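Listed below are the residues making up each chain.
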Amino acid sequence: MIVNGKKITLSSKMSLKAYLETNGYDPTRVAVEKNGAIIAKNALASEILSDDDTLEIVGFVGGG
């Protein structure tokens with residue numbers, strides 16, 4: 001799988017939400033594109049990842 005341009009290997013089958021939480025992302029504060037499609041927040045738990053997937057994860061930052 002490729003995440004933000006880096007090749008990684010999944011250790012086990014998991015949902016996109018589980019991947020985000022396991023890797024320190026707050027699912028409520030990121031936008032995720034999987035294989036070129038934006039994934040809705042309410043679909044994160046049902047999206048199952050595979051080694052063929054490409055993810056782009058963008059975090060929201062506050063400030064002013």
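Structure first, text after, so check above.
Definitions and limits used
Residues numbered from 1 in each chain as written. Predicted model: local features only at pLDDT ≥ 70, side-chain atom pairs only at ≥ 80, totals over all residues. Heavy atoms only, no water. Core = buried A, V, L, I, M, F, W, Y, C linked by side-chain atoms within 4.5 Å. Buried < 20%, exposed > 50% of the residue type's maximum accessible area, 1.4 Å probe, protein only. Helix = DSSP H or I, 4+ residues; strand = E, 2+ residues; numbered from the N terminus. Contact = heavy atoms within 4.5 Å. Pairing = 2+ DSSP bridges. Polar contact = N/O pair within 3.5 Å; in protein donor to acceptor, adjacent residues only side chain to side chain.

## Thoughts on the nonpolar core
Thinking step 1. Counting 15 residues, the largest nonpolar core has Leu16, Tyr19, Leu49, Leu55 and Ile57 as the members making the most contacts within it.
Thinking step 2. It is helix 1 (residues 16-22) that contributes the most residues to this core, three residues altogether.
Thinking step 3. Beyond its immediate stretch of four places on either side in the chain, isoleucine 57 contacts Val3, Asn4, Tyr19, Leu20, Tyr25, Val30, Ala31 and Val32.

## As for the sheet that holds strand 5 (residues 54-59)
Thinking step 1. Taken together, the five strands give an open sheet; going across it, the order is 2-1-5-3-4, and neighbouring strands pair in mixed fashion. The sheet is open, and its two borders are formed by strand 2 (6-7) and strand 4 (37-39), each paired with just one other strand.
Thinking step 2. Where strand 3 (residues 30-34) meets strand 5, five bridges bridge the pair, whose relative direction is antiparallel. Across the sheet, the residue bridging to valine 32 is isoleucine 57, located in strand 5.

## Focus on unusual backbone geometry
Thinking step 1. Here the phi dihedral of asparagine 4 falls at roughly 50 degrees; this positive angle occurs in a residue that is not glycine.
Thinking step 2. In this fold, asparagine 4 is placed in the loop between strand 1 (2-3) and strand 2.
Thinking step 3. Given the relative accessible area of 32%, asparagine 4 is considered partly exposed.
Thinking step 4. One non-glycine residue with positive phi stands out, namely asparagine 35, at about 50 degrees.
Thinking step 5. Mapped onto the fold, asparagine 35 is located in the loop between strand 3 and strand 4.

## What to know about the side chain of serine 15
Thinking step 1. Mapping serine 15 onto the fold places it in the loop between strand 2 and helix 1.
Thinking step 2. Separated by 3.0 Å, the side chain of serine 15 and the backbone nitrogen of alanine 18 make a polar contact.
Thinking step 3. The residues touching serine 15, leaving out its near neighbours within four places in the chain, are Leu44, Ala45, Glu47, Ile48 and Leu49.

By themselves, these observations are geometric and do not establish any function.
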